[in-house]
Every structure is written in structure tokens, then in C-alpha cells.
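So you can see what is in the structure, the chains are spelled out below.
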Number of protein chains: 2
Amino acid sequence: MNEAGGINNLLQDQGYNAWLSYPELPQGSLQEQYVKWCGAVSVTETDDTVQAALAEWKQGVASMLGIEVQVQAEAALADTAANAPEHSDGTSAGHVIAFGTFGSGNPLINSVFAEADIRKVGREGFAIRTSAEHNCIAVGASAPAGVLYGVFHLLRLIGTLQPIAALDEAVNPVNSLRMINHWDNFDGSVERGYAGRSFFYENNRFIGDMERVRDYARLMSSAGINAIAINNVNVHALETLFISEYLPQVAEIADKFRVYGIRLFLSVNFAGPMQEGGVGTADPLDPGVRTWWQNKAAEIYQVIPDFGGFVVKADSENRPGPFTYGRDHADGANMLAEALEPFGGIVIWRCFVYNCKQDWRDRKTDRARAAYDHFKPLDGRFKDNVILQIKNGPMDFQVREPVSPLFGALTQTNQIIEFQIAQEYTGQQRHVCYLVPQWKEVLEFQTLAKGEASPVKRIVDGSLWGNRHSGIAAVSNTGNDINWTGHLLAQANLYGYGRLAWNPELSAEAIAAEWIALTFGSNPEVADVISRILLDSWEIYESYTAPLGVGWMINPEHHYGPNVDGYEYSQWGTYHYADNRGIGVDRTVKTGTGYSAQYIGSNAARYESLEECPDELLLFFHHVPYTHVLHSGKTVIQHIYDTHFEGAQRAEGLLSSWQTLKDKVREDLYVQVEQRLTGQAAHAKEWRDQINTYFYRKSGIEDQASRTIY
Amino acid sequence: MNEAGGINNLLQDQGYNAWLSYPELPQGSLQEQYVKWCGAVSVTETDDTVQAALAEWKQGVASMLGIEVQVQAEAALADTAANAPEHSDGTSAGHVIAFGTFGSGNPLINSVFAEADIRKVGREGFAIRTSAEHNCIAVGASAPAGVLYGVFHLLRLIGTLQPIAALDEAVNPVNSLRMINHWDNFDGSVERGYAGRSFFYENNRFIGDMERVRDYARLMSSAGINAIAINNVNVHALETLFISEYLPQVAEIADKFRVYGIRLFLSVNFAGPMQEGGVGTADPLDPGVRTWWQNKAAEIYQVIPDFGGFVVKADSENRPGPFTYGRDHADGANMLAEALEPFGGIVIWRCFVYNCKQDWRDRKTDRARAAYDHFKPLDGRFKDNVILQIKNGPMDFQVREPVSPLFGALTQTNQIIEFQIAQEYTGQQRHVCYLVPQWKEVLEFQTLAKGEASPVKRIVDGSLWGNRHSGIAAVSNTGNDINWTGHLLAQANLYGYGRLAWNPELSAEAIAAEWIALTFGSNPEVADVISRILLDSWEIYESYTAPLGVGWMINPEHHYGPNVDGYEYSQWGTYHYADNRGIGVDRTVKTGTGYSAQYIGSNAARYESLEECPDELLLFFHHVPYTHVLHSGKTVIQHIYDTHFEGAQRAEGLLSSWQTLKDKVREDLYVQVEQRLTGQAAHAKEWRDQINTYFYRKSGIEDQASRTIY
């Protein structure tokens, strides 16, 4: 066992095991407590999921505590504490961990938990209790997946050095759907992927590396994920065969997922009946089309009985959809929902719809309005196994956007929020940008839909409107890079997303602390430094990139690196309208696009008002002169200069901070992060200089601090 | 036969036969004269090239005049004119066309041309004479290729309705090397190709469509081309095998070329000995490397006895080269030249060298200086079978650049000029841009290297410095599109390039008139309209794109469409430095990069002087306020607005002009040009608006004419 603060350089996995690497714990009273408790485990169920939980438990305990767990597979009550002899390895013969489903035959579970306890545990939840009476820590759940979540929970408590001697709680996920969307293509590429290529597909075939698929499922499950769509929402020709020819391979992945409590979803092409099915139309009201999808659903459930359902991007960015036939989104989604309904499947219909092909000369059409304008009129028209998936903001995962006004506008429709773990616009996993604080802000946003107590988190968890389905989805940031996410620190986003989806009340700080301890071990100095890096990173990235909520100052297509006018003359509705006097998009009702009116009450008023609009969204809502004075007291132009100089400097600071950890974290991890942060520091300067130079050249206004602008 | 002005819609080749489609001639006195002369031809040589000339002659006469040529293959003097009976088809039994090499046994040739005539005819030239005495039009040449050129000449005279009853001239090409560079890659792509894919390669194999290769050789030969490099100067891994494994396939192409008087060249990778040869170095002074190339040359000449030589891009844009070994361009080129020397081969060494990776913040480093700075010091150090290939301008084929100052600077070095027929920066064959006027301007530029009479054309033809090798090269604009060049009107550039390479004294107007007649026939109304379109097109394209010589306001990488800041913050040295006060690159000696001093005498003074610098190059040499008044009397900003409004309007005018030709030119040709011009008219508006808006926003200066700027 290592000393507190020491590092274990034995594991050289380059981050593959991520937050399940179970670093060896430092010696001390807690470690002694864990050792005492963890010598034996009682598990009586042979269910795959419960057995997976057992395997995880054994691996975690062995790695963190260096002890081999004794498994008591038979149904027997443990010795009482009083009779427990102490073993030489510190374990105690009387102490036992027990886990299983309620009423499953494990007498410890049945003894520790009463009916009142069980009533508190939902479909995926678990109860955990340290029972002095039975000398036992018991994890009981309604279903095997809950057992697994409970075991991950207990492992996390140990890994983060929490006491376990007096546990007593029922834990349920707040959101019922906690989903990951892969944008993996069958050819092996990953749309907006920054961590290598797909680990599902290569060259239009299934790779079949089921060990990696299982490890992935383990990681996802441990973070709380229970649904994964394995293919890109932009469905290409060969991918339409996933629901026919390639169903056996899809089912094989579903089998691995199932063990870890994860339901598999597929993205489907709305034009499937035409492309793959030989039906002459994809009109959702056509009986032939309906039959085709019904038969298709039956085929799928034949081989994947717990199939989740379909994810659909229709009538957007040139994807086919119901509009072709004069139908609307509700017609399209309901038709698919009808097909899945008999089997308990759901349709997840994306609201990222803006086929407007905007002319940059037109300042009245506004892409930000599109999702609301399309879907608000359809509220109440969707079947109850349809879920609308709404991006967090009205545009597209910018570093700063207002919250989508659809949250609050749809009162009779199942809805989930969509985040992007993939850092498409936030440094592409070459820059560190811990996104949990951003997601938290969005989830805490008060929509005012039902008065003050209507934050987004209460809409997406279904409690505000009492939706049948609810939850969170997010675009994956993974690929076949050995560390899954390219940038090691981007693992914190993947982990953090899952944890937040499970429980939106967790703070960004707490999630960061968990991830750091589970990944790097429990050296407090290491934790302090990495936590600071993570928690500062979003603000830093924002500060040297597009200012004050204006967004989009990036290179077109690949979306990496500065390009102030990159999207200024495009068809995508992504403009800043900078001229020599000012900048920003007028989205007010009075003189602009009227977008601000999509918000409710005082939110609408605040955004409409030049005086009240928060600084960080000023240029999203208003076109102002460079000399406009912010609430901060600075002019817009001086704000741009200051934040960009400071941001680049702070990016350099991230690197210096990290470098204080040399010899304090595992070298294989240290080196890769140092390399990325070095790149970020250099690239942040490029951002600083291009943005500052652009605005200096355009405005002609000098920097008050007379720093070098080219 | 059709009426004068009618169109022949029988041929529906979509432009495949290009200027060798031999449109049927209108009836009239000239047509009667041609028919009278062209009934019989006397050819006694069996040489492939002479036979190709004969085949061409028969095809041309049949197509233009509708008569079948009687071939007199035996050596016999023709009847005298006095005895010539008139036949019913208008041909005359006594009249004959004769062609062949001097002293080859054709008694007509030997009789018509005296020793004094023969002395005037160079290696590739020909003499042509209408001999009343022998009732014969004789084409005599020193070599078979000259015969072919002479026959193409005579066919061109007929196709353009020139009288042939009193011909008497000796015609020699002015430039000895008249070369085409293909940027075709073995995978079938064409770097900067805008007319489909390669017709040589696909998917890393030789296509082997030898009919297309022959037709291509015919076309090139008829325009005067005598050298073709068949692969991209950026040589990829598999293409290095062109000089080993794939030599037989290369030789097959060379065989086709040879018939048409064309020598085949290959682009080679300087690192060949390492990549392909198993030699551990590519150091040009290494004996092993020298031997490797010598053996390689011997192998090549074994199968291609008239192999032209190597084209080399070294030490530029990340290509390998002698710099790796601390050697210079002369060391590198001379080593290859030594290998080719015994076989009469030459090395063409490109001067497009600028690996500077410029920082956009640095206003002193100047890519425009690079070629001169690299090669001027090496003048006199190259072997006499090395040719430096110098791009026409110092940057990269912009719509407007000054002439490269290397012309005039190198007094002891073989050099050829490089043009780009491919419209990389001039509308990519989606816009019409007839480039012959641009090339003419460059060729006429007075370098002052030897006083006033030192135009570029006299440097590249070798006469100014008495170079052993000289000439012109150009990047091809062809691909496997049915009409070879994508835009039908881009054929005029391909044809015009060849004609200009043959004789730089030809005017852009004359070349256009030839091409139009040979392609569309001889309707004067058609000729007027198309000629106007062609001759206006460069000015029009320039007017709605980057203004006043500043260049580069295009989308990065693919180089199509407006993007004012597209290259402003790049590493490529391509900046305009526009700010809210002014724009342009200061390349003066006094305050800028000093580039202007690379010119000689009054040229240097003119460019250095803000007052004297020609308007069209103002922003290439000077950074000026938008309010700077041009020689035209307009301010810079008003010039930008005016030219862009006018340019877009004139682009629309090109379409309307073309539309007056409906039913006057063949429909298959009409339709494709109309389509391209429609696209151009729309795209020109996009250019207009983006450029005007950019500068309006930046400068804040209103358009005096109050037109709409967004």
C-alpha cells in the first residue's frame, strides 16, 4: 500500500480505465474501516447484472484496498458483529457487504430492509444501509440494475474516502432517461468526434470488439447512464440497414449493454421505407408506411426485447422528413411511436430544425427562433411515447447561449434536454473545458413557466408537468482513443454528464472532486490543482473566444480555431454583424427579430432590455456600439481586449498549474495532459491575437492598457 | 452543306472534339476555293506522325467541306493547273495538297521548296506555299512533327476562312518548350482540377483509355504543345513508382504522345532514392544517390527513348529537397541533370518555393520576395540542361499580380514561365475567365533587364540571354469531363495557351477568333458575341473579386468564392491588412517589405511610388486609406463599390449576351454554357455583396451612389 499522497505508477493504462481505475487508497483510519468491512460479500443472485456488480466490487476492492473478497453465495445470515474475529489482513470475518434485489432470497437484504424502505426505492434506485444489527452493509434494489448502481455508489464512496460505517439512504435517479447519443458513422468516422474513430464500426462493418463495448458499458453505467443510441442522427445509406441486415450485430451490442442496465437506441432514417423497404413513399399517413414501420418494430423486438426506440432527426439540415408530404413533425413522430408502442419503445424526435437556408443579408429571419416556432404550435399533439429532444440553447452548443425558450413553452409534451459532451465548439478536446458548470446553469434556469419554481431541471425530470417520459440526452465525446475522450480531462465531462443526469442537484465542484479522486487518487494537493483547472476552464475558454454571447467566430465546417467572419456570410443564420461602430444581433421585439418574446415574463423583459440584459448574453440579444458600457463598467471593446489578454494568460496558467503536479500524478496521465495544455496555451494566444486584431482593425479604438495588438 | 450562319446540330459531342470538331463551312467563294484545292493529297511517307497528319487532314476536309480526299501515296508530280479537269463535286483533278519532310522522296515537296526555304525552317517548323507552277499547296518540314503542325495550320486557315490560294511562309514556333503540367494524382483526383477526374489514372492504376489519350495528344498538338508532364508536382508515395514498376504504362502513353510530336515528362520526388530505391539518403552530393538517379535515367530511356525529363518541386510546401542535407537548389537540380544529360533529358526545377510559414503578425517577412531571394543568388550555378520554372507572378496565379521579378534577374540560367490554365483563383471553370489577355500582359512586360527591349516574352523564348532551353509551361485545366475543361469556354484558355506558347505575338483577339470559328463555325454574329464574352471576362471577374491587386479574398483551401478575411490570419503570407482606415500591403523599400526593389530601374521606382504605381496593383504595393484617390479619380472605397456593382451586373450581361445565341450555336454546346453563366451571374452577386458589405462595415464610408449594401 502506498503512502497518502504517493502515486501508483504501476498502472500504465493511459487512462483507459478512467474513473474505474480504482487507485490504491492511502493508509489511515478510513482505509482501515474499509478493509474491515470489505473482506466478505454476500450475493445470492445469478442474474448477469448482479454478477457484473459482484465482479466490479471484487475488482474495485482488490485494487483500492489490496484485498481479495470472499464471496458468500449461499443464503445465510452473517455473524453478528460481536462475534467477528479480526483477520491478519485487517478484514473482519463478521463484517459483510450484501447486495441483491428485494425479496430475491438473500436473507441479509430481506432482513435489513423493511417494506417502508422498499417503498422509497424506484425502478432503478437502490437503498443502502449499514446495519449494526446484522454487521452488514446492505445494498438492496427493486431490480438488478439498481443493485449495480448501488455497488458503483458504494465503490465511489470508498474511492472518495467517505465513511461507510453509518450509511442509510434510498437513492433514486432524478431523471428516468439518462442517455448518450453517439454520432458514430458506419464508416468508422465520428461526426464531431475528437477522440479517434468509432469503437463500434470501421469501414462499414461492425468491429465486434465486445470487450471494449463491455468496458464502455461499465463506464457508462457507473456514471448512471441507462440509454445509448449507437449511431449518428444523420443516418447514411448503409446505416439504414442497422434495422434489417445488421440487426444481429446490433443485438450483440444490446446484449452487452443490457448487463449494465443500458437500453440500446438506434437513429433511423425517416425515409427508411423507401430506401430500404421498397415502399414508394415515406408519407407518415400512408398505410403502407405505417405497416412497414410496425413490422420493422416487431422484427427488432424479436431480437432485442428491451430495445429503447428510435432517435430521429427529420426535416433539418437536408434530412428527409414528414414535410415532404405536407405533414408535420407530430404526424411523423406519432407514426413511428405507434409502431413502437406495443413493445414499450419510444420515439425521440429532435427539435434541432432549421432548414431555413438563411440569407445573411436578411436581418429579420432568425435561426434562434426556429425550434420554438416549429414546435410550440404542436404542443399536445404528440403521442405519449414520443419525446422531443431539445438542445440546451437555441443555436448549437456554443460556449455561451441563452437557454432554449422551448423549455417552458411546451406544457403537454414529453421532452428531454440535449447537451453536447463532445466539445465541438468548446475546444474539441484539445482545450480543456469542463462543461458541468454550463449544464448546471442551464438546468437551474428559471423558465417562469409555472411561476418562480420552474427551473429547467424540473421540466426535464418530468416533475413540473407530470410527463410520462423525461430526462437528459447528450452527444458523446468518446472514440477509440485509448483514454476514450482524447483529452484526459474531458473524461470529467463524460463522467460529470452521467452524474448530473442521475442527480442534477450535484454541484459541479462535487462532481469534479469525485472524478479526480476516482481517476488520480486522493492526494488533496492534486485534487486542489485539478479541481481549479476544471472549474476555471469554461470561463477561460469563453474569455479568449467569442465574446459576450455572440458565438460562432470559428472556422467553418470543422469548428476549431478563431475566424471572426467565418460564418458571417453563410447560410446558417450565424452572424455577429460587426461593423466599425458596433456588434451584436438585435433579437429584441422592438427593433430586432423578436426572439426575446419567446421567453416568459420577466425573462423576456430582461433580455429585451439593453440595460438589464446580462453582460454575458449582451451581444446575443442586442447590437451595441463598441463604446457601450457593460454592467462591469467596461466598454464592450475594452471587455473584448481585456478578456482576450487575460484568457490567453490564464490558459498559460492552466499549464503551469498542471506542471506543479509532475511526479504527483501517474506519469502516463501527466504527460498526455501536459501535452494538451501546452497546445491550448499556444492556441489561446492565436485566438487572443486574431480576435483582438480583428476588433482593433475594425473599430480603430485603442486598448486602454496599450498592449500589443497587431 | 449548310447556309452561312446556320448551325450544324448533327454533331452532339458535348464539346469533346473541341476545336477539332471541324464545323461544316458556309457556302461561298472561299468554300469553293477550298473544295477545288482539297480533292487530292500527296503523301509519300509512312512515318506515324506524317500518317497522323494525313488522317487529320482527311477528317478535317471531310467534315468541313464534305469531300473525301483522294490520297496519292506514290511519288509523282501533280498535273499542272492548265490540264486540271473540274469534277462534279467541285474538286479539281489537277490541284493537290502535298506534305512531307524535306528530301523525303515526295517530289512535290522537293520541287516546291528550295534550299533557301529549307534554311528558314527550324526543327519543329514548316514551310507552306501555294505553288501555281505545280498546282500544289505544299507543306514541308524538317521533321515529321513539323509536317503535322503545318497540316494543323492549313486546316486552321480553312476553318477560319482564310484564303489559301497564295500561301507562302515559313513558320517556326517561337518557344522551343511548350509544355503542359498535369496535376493529376494516381488516385484519380486532380489537384486544382475543375473538369472531373484524371483521364490517365483512377484508383491507383492506369486507366488505359488510349483512345482518349490519343485524342488529347491530337488536341494538344494542334494547339502547338510539344511537352506534357503527366503527374502532379506534388508526388505521392505510389507515384514514385512511375519511374519503376509503372514504367511500361508510362511508356504506352509516351508512345501515343510521340505520334503527335509530344515528349512526355514526369514529376519526380526528390526523395526517390530513399522512398523507392532503398538508398539511405537523398543527399544530392552522395555518390550512391547520384548513381541511383543515373541508373534510373538509363532505365527510363530504355523504354522511352525521347523521354523529356523530370519536373521537380522541392523544398516547398513541405516537399522534400536538398535543404534537408544542407545543399541548395543548384546542387539538387544539377545532380538530376547529370543523370539525364547523356540521354538529352532536362530537369525542370520549380521556383515556387516558400516554406516560410509566415506569422501573420509579422509585416516584414514577405512571401512575394521568396522566389527571387531563393534563386537570384544561384544564377549561373545550374547546369545547362536545367530549367527553372517560374510562376508568372510572385504569389500564386491571382487574378492580378505583378510580374515575377525573377524575370530579368536571372541572366545566366535557363528559365521558363509557368502559367495556370486551370482557373484555381479565377472562377474554377464555373466562371468564364479568358486568361490569354492576362498572359499577354505578362509576356509583354518590360523587365528592363537589358534596356527597354527586354520584355518577358524575349526572356522566356531564350533570345534575350541566348539560353539553351527556354519556353513556357502551364498547369492543365483538363479532366475527364466530356468537354475536357468543364466550362466549354475554358477550352479557349487551353487552346489559347498553346497558340501563345507557339507564337506570343498572336493577339488575344486573334486567338479568340480562331477558337470560336474552329469550335462554333463561322457565323459572324456568333463570333462577335462570344469574342466579346471572352475578351471582357477577365476584367469582369477581376472587378467583382479582390480589388486593386490585393488578391486572396477567397475561401481557404478550395479557393472558390468570396471570403475577405479567409487568408488574413493564416501562415501563407497572404494578407490585405484591411482596417477601418485603409488596406493594402506595404511592399515599398522605404516603409515596407522592400519587395519593390526586386524590380529593375524605373519599374522599381514606379512600384515604390504611391503616385506612379498603377491602380490595378496599388494594394499589392501600398497600404493606403480608403479615401486615397486613384488615377481614375475615384477613391479606393468608391472604386471597390463601383467595380463590384458593375462587375456583378456585367456578369449578368454575359448571360444575356449568350442567350442571344440560342438557336445560333449547337444546342449541346449552348445549354452547357448557359448553365455555367447562370451560375456565374448568381455567384457574382454573392461576391459583390460580401466584398462591399465587408468594406462598408469596416470603413463606415457610404457609397456615393447610395446603392444597397447590407
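Source: prediction; values computed, not measured.

## Description of the overall build of chain A
So, step 1. The secondary structure content of chain A amounts to 20 helices and 18 strands.
So, step 2. Taken against the 2.2 N^0.38 rule, which gives 27 Å for 710 residues, the C-alpha radius of gyration of chain A at 26 Å falls within 12% of a compact globule.
So, step 3. With the C-alpha coordinates of chain A rotated into their principal frame, the extents come out at 80 × 70 × 50 Å.
So, step 4. Evaluated residue by residue, chain A yields a buried proportion of 65% over its 710 residues.
So, step 5. Within chain A, contacts between residues at least 6 apart in sequence are counted, and of these 72% link residues at least 24 apart.

## A few points about the relation of the copies chain B and chain A
So, step 1. The transformation that overlays chain B on chain A combines an axial shift of 0.2 Å with a rotation of 180 degrees, and the residual RMSD is 0.1 Å. Interpreted geometrically, this transformation is the action of a two-fold axis. In terms of proximity to the rotation axis, the leading residue of chain B is Lys-698 of chain B, whose C-alpha is 2.7 Å off the axis.
So, step 2. Looking at chain B, 100% of its interface residues are interface residues in chain A too, so the copies touch through the same face.

## A short note on the packing of aromatic side chains
All names here are of chain A.
So, step 1. Applying the stated rule across the entire model yields 98 aromatic pairs over all chains.
So, step 2. Judged by centre distance (5.8 Å) and plane angle (25 degrees), the ring pair of Tyr-595 and Phe-621 falls under stacked. With Tyr-595 in the loop between strand S17 (582–583) and helix H17 (601–608) and Phe-621 in helix H18 (residues 618–621), the pair connects residues that are 26 residues apart, well separated along the chain.
So, step 3. Since its relative accessible area comes to 0%, Tyr-595 is described here as buried.
So, step 4. Here the aromatic cluster, defined as three or more aromatic residues joined through ring pairs, consists of Tyr-16, Phe-186, Phe-199, Phe-200, Tyr-201, Phe-206, Tyr-216, Phe-242, Tyr-246, Phe-257 and Trp-484.
So, step 5. Above the face of the Tyr-560 ring, Arg-430 is positioned so that its terminal group lies 3.8 Å from the ring centre.
So, step 6. Between the NZ or CZ atom of Arg-587 and the centre of the ring of Phe-620, over which it lies, the distance is 4.1 Å.

## Describing the pattern of salt bridges
All names here are of chain B.
So, step 1. Per the counting criterion, the structure on display carries 88 salt bridges over all chains.
So, step 2. Its salt-bridge partner being Arg-369, residue Asp-373 comes within 3.0 Å of it at the nearest N-O pair.
So, step 3. Between Lys-685 and Glu-652 there is a salt bridge whose closest N-O contact spans 3.1 Å. Within this pair, whereas Lys-685 is found in helix H20 (residues 667–699), its partner Glu-652 is found in helix H19 (residues 636–659), the two being separated by 33 residues in sequence.
So, step 4. For Lys-685, a relative accessible area of 26% gives the class partly exposed.

## Looking at the sheet that holds strand S6 (residues 168–171) of chain A
All names here are of chain A.
So, step 1. Read across the open sheet, the six strands follow the order S2-S1-S3-S5-S4-S6; overall the sheet is mixed. Of all strands in the sheet, those bounded by a partner on one side alone are strand S2 (70–72) and S6. Between one strand axis and the next, the sheet turns by 15 degrees as a mean value, whatever way the strands run.

## Here's the deal with the UniProt feature "domain: Glycosyl hydrolase family 67 C-terminal" (unreviewed entry) in chain A
So, step 1. The feature "domain: Glycosyl hydrolase family 67 C-terminal" (unreviewed entry), as given by UniProt, occupies residues 485–707 of chain A in the numbering adopted here.
So, step 2. Measuring from the first to the last C-alpha atom of residues 485–707 of chain A gives 37 Å, for a span that is 52% helix and 2% strand.

## A closer look at the domain arrangement of chain A
Residue and element names in this part refer to chain A.
So, step 1. Here the domain parsing of chain A yields domain 1 (29–77 + 93–171) and domain 2 (177–503).
So, step 2. Domain 1 and domain 2 are separated by 34 Å when their C-alpha centres are compared.
So, step 3. Opposite the 13 residues of domain 1 that make contact, domain 2 presents 14 residues.
So, step 4. Summing the contributions of domain 1 and of domain 2, the shared interface buries around 1,100 Å²; its carbon and sulfur component is 49%.
So, step 5. Contact with domain 2 buries area across many residues of domain 1, yet Tyr-149, Phe-152 and Arg-156 alone supply 44% of it, more than any other trio.
So, step 6. Put simply, domain 1 and domain 2 have two salt bridges between them.

## Considering the sheet that holds strand S3 (residues 96–101) of chain B
All names here are of chain B.
So, step 1. Read from one edge to the other, the open sheet built from six strands follows the order S2-S1-S3-S5-S4-S6, with strand pairing classed as mixed. Unpaired on one side and paired on the other, strand S2 (70–72) and strand S6 (168–171) mark the two borders of the sheet. Sheet twist, expressed as the mean angle between neighbouring strand axes with direction ignored, is 15 degrees.
So, step 2. Where helix H2 (residues 48–65) meets the sheet, its contacts fall on strand S1 (40–42), S2 and S3, and the angle it forms with S3 comes to roughly 160 degrees.

## Here we look at the interface of chain B and chain A
So, step 1. Opposite the 23 residues of chain B that make contact, chain A presents 23 residues.
So, step 2. With both chains or domains summed, chain B and chain A bury close to 2,200 Å², and 44% of this area falls on carbon and sulfur atoms.
So, step 3. Looking only at chain B, the three residues that lose the most surface to chain A are Arg-361, Tyr-569 and Arg-697 of chain B, adding up to 35% of its buried area.
So, step 4. Close ionic contact of Asp-689 of chain B with Arg-361 of chain A constitutes a salt bridge, the shortest N to O distance being 2.5 Å.

## Points about the environment of Ile-482 of chain A
All names here are of chain A.
So, step 1. Tracing the backbone through its elements, the reader meets Ile-482 in the loop between strand S16 (470–475) and helix H14 (491–502).
So, step 2. Once the C-alpha coordinates of Ile-482 and Gln-14 are considered, the two residues, 468 residues apart in sequence, prove to be 6.6 Å apart.
So, step 3. When residues no more than four places from it in sequence are discounted, the contact partners of Ile-482 are Asp-13, Gln-14, Gly-15, Tyr-16 and Arg-212.

## Some points on the packing of H2 of chain B against helix H5 (residues 144–159) of chain B
All names here are of chain B.
So, step 1. The interhelical angle for the contact between H2 and H5, taken along N-to-C directions, is 10 degrees, at an axis separation of 8 Å. Accordingly, the angle class assigned to the pair H2 and H5 is roughly parallel. Of H5, the residues touching H2 (which contributes Thr-49, Val-50, Ala-52, Ala-53, Glu-56, Trp-57, Gly-60, Val-61 and Met-64) are Pro-144, Ala-145, Val-147, Leu-148, Val-151, Phe-152, Leu-154, Leu-155, Ile-158 and Gly-159.
So, step 2. Tallied by class, the residues present in the contact of H2 with H5 amount to 15 nonpolar, three polar and one charged.

## Here we look at the pairing of strand S3 (residues 96–101) of chain A
Residue and element names in this part refer to chain A.
So, step 1. Counting buried residues in S3 gives six out of six residues, a clear majority hidden from the surface.
So, step 2. Bridge count between strand S1 (residues 40–42) and S3: two bridges; the pairing is parallel. Each bridged residue has a counterpart across the sheet, and for Ser-42 the counterpart in S3 is Ala-98.
So, step 3. Here six bridges tie S3 to strand S5 (residues 136–141), and the two strands are oriented parallel to one another. Residue Ile-97 lies in a different strand from S5, and its bridge partner there is Ile-137.

## Thoughts on the pairing of strand S11 (residues 263–267) of chain A
All names here are of chain A.
So, step 1. Of all five residues making up S11, four are buried, and the element is well covered by its neighbours.
So, step 2. Where strand S10 (residues 227–229) lies against S11, three bridges are found, and the strand directions are parallel. Within S11, the position partnered with Ala-229 by the bridge is Phe-265.
So, step 3. At this point the chain moves from S10, through helix H7 (residues 247–259), to the parallel S11, and the crossover so formed is right-handed.

## A word on the confidence of the model for chain A
Residue and element names in this part refer to chain A.
So, step 1. With 96% of its residues at a pLDDT of 70 or more, chain A shows a mean pLDDT of 94.
So, step 2. Taken together, the stretch residues 1–6 has pLDDT below 50 and engages in 13 contacts with residues farther than four places along the chain or on a different chain.
So, step 3. Ignoring residues within four places in sequence, the model shows residues 78–82, a span with pLDDT below 50, making eleven contacts including any to other chains.
So, step 4. At the level of chain-chain contacts, confidence expressed as ipTM amounts to 0.90, with global pTM at 0.92.

## Quick look at helix H16 (residues 524–544) of chain A
Residue and element names in this part refer to chain A.
So, step 1. For H16, spanning 21 residues, the distance from its first C-alpha to its last is 30 Å, which sits close to the expected 30 Å at 1.5 Å a residue.
So, step 2. Counting buried positions along H16 yields 15 of 21 residues, so the element is predominantly enclosed.
So, step 3. Here H16 starts with a cap whose side-chain oxygen sits 2.9 Å from the backbone nitrogen of Glu-525, and that cap is Asn-523.

## Re unusual backbone geometry
Glycine aside, a negative phi is what most residues show, and trans is what most peptide bonds show.
So, step 1. A positive phi is found at Asn-203 of chain A, a non-glycine position, where the angle reads about 55 degrees.
So, step 2. Among the structural elements, Asn-203 of chain A can be located in the loop between strand S8 (201–202) and strand S9 (205–206).
So, step 3. Taking the relative accessible area as the measure of exposure, Asn-203 of chain A reaches 60% and is therefore exposed.
So, step 4. In this structure, Asp-663 of chain B takes a positive phi of about 70 degrees despite not being glycine.
So, step 5. Here Asp-663 of chain B shows up in the loop between H19 and H20.
So, step 6. A relative accessible area of 64% means that Asp-663 of chain B is categorised as exposed.

Definitions and cut-offs
Residues numbered from 1 in each chain as written. Chains lettered and ligands numbered in written order. Predicted model: local features only at pLDDT ≥ 70, side-chain atom pairs only at ≥ 80, totals over all residues. Heavy atoms only, no water. Helix = DSSP H or I, 4+ residues; strand = E, 2+ residues; numbered from the N terminus. Rg over C-alpha atoms; globule rule 2.2 N^0.38 Å. Buried < 20%, exposed > 50% of the residue type's maximum accessible area, 1.4 Å probe, protein only. Contact = heavy atoms within 4.5 Å. Least-squares fit on C-alpha atoms with pLDDT ≥ 70 in both. Phe/Tyr/Trp six-rings, centres within 6.5 Å; stacked < 30°, edge-to-face > 60°. Lys NZ or Arg CZ within 6 Å of the ring centre and 35° of its normal. Salt bridge = Lys/Arg side-chain N within 4 Å of Asp/Glu carboxyl O. Pairing = 2+ DSSP bridges. Axes fitted to C-alpha atoms, helices over the stretch in contact; angles between N-to-C directions. UniProt positions renumbered as here; feature names shortened; annotations may be inferred. Domains from an automatic or database assignment. Buried area = accessible area lost by both parts, 1.4 Å probe. Parallel < 35°, antiparallel > 145°, perpendicular 65-115°, else oblique. Nonpolar A, V, L, I, M, F, W, Y, C, P; charged D, E, K, R; others polar. Right-handed = clockwise from strand over helix to strand, strands pointing away. pLDDT = per-residue confidence, 0-100. Expected span 1.5 Å × (residues − 1). Polar contact = N/O pair within 3.5 Å; in protein donor to acceptor, adjacent residues only side chain to side chain.

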